[in-house]
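Residue-level structure breakdown
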Amino acid sequence: MPQMTEEESAAADARARDEATDPARSIVLQAPAGSGKTTVLTARFMRLLETVDEPEEILAVTFTRKAAAEMRARIVQALGENPPINARTHSWDLANNPGRLRIQTIDSFNFWLASQLPVTAKAGGTLSVDDRPQ
């Protein structure tokens, strides 16, 4: 298989980034550190904000608290610099209410999901995380 030229590689990367921000698609974004994942996910989140009735309809899942905090900070910054055109987004006041942005670690999402289980599933009551499960 012939190698791509630098120009072909850049064009393929640009296409992949554009597809990743398409709100009509579900994506899993995997790439090495420093490759621009957070930038792409921030752009995707901003585009998604234009398509929802409430910001809580969007869920972004990361692996670390640091990544979640970085993404939240970038989205709040983007909201200040280039807010979505949608009129609803202005009433949400996300820059002053960033808690409405559902950007979570996989662990916090799993904890939230488990806490939604009904009592009949024998998972009711208060859940707690144990660092050393037996």
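This report concerns the structure included in the present document. (Residues numbered from 1 in each chain as written. Predicted model: local features only at pLDDT ≥ 70, side-chain atom pairs only at ≥ 80, totals over all residues. Heavy atoms only, no water.)

A separate point is a nonpolar patch on the surface. Taken together, Leu59, Val61, Phe63 and Ile106 make up a surface patch of nonpolar side chains, about 370 Å² in accessible area. Judged by relative accessible area, Leu59 falls into the partly exposed class, the value being 33%. (Patch = residues over 30% accessible without salt bridge, like charges linked within 9 Å, V, L, I, M, F, W, Y side chains within 5 Å. Areas by Shrake-Rupley, 256 points an atom, 1.4 Å probe, with all protein chains shown as cover. Salt bridge = Lys/Arg side-chain N within 4 Å of Asp/Glu carboxyl O. Buried < 20%, exposed > 50% of the residue type's maximum accessible area, 1.4 Å probe, protein only.)

We now examine the pattern of salt bridges. For the coordinates displayed, the defined rule picks out five salt bridges. Between Glu54 and Arg100 there is a salt bridge whose closest N-O contact spans 2.6 Å. Of the two residues, Glu54 is situated in the loop between α2 (37-49) and β1 (59-62) and Arg100 in the loop between α4 (87-92) and β2 (102-105); the sequence distance between them amounts to 46 residues. According to the relative accessible area criterion, Glu54 is partly exposed, its value standing at 36%. You can call Arg100 partly exposed: its relative accessible area is 23%. Among the ionic pairs, Glu56 bridges to Arg100, the shortest N-O distance being 2.6 Å. Residue Glu56 is located in the loop between α2 and β1, and its partner Arg100 is located in the loop between α4 and β2; the two are separated by 44 residues in the primary sequence. Look at Glu56 and you get partly exposed, because its relative accessible area is 31%. (Helix = DSSP H or I, 4+ residues; strand = E, 2+ residues; numbered from the N terminus.)

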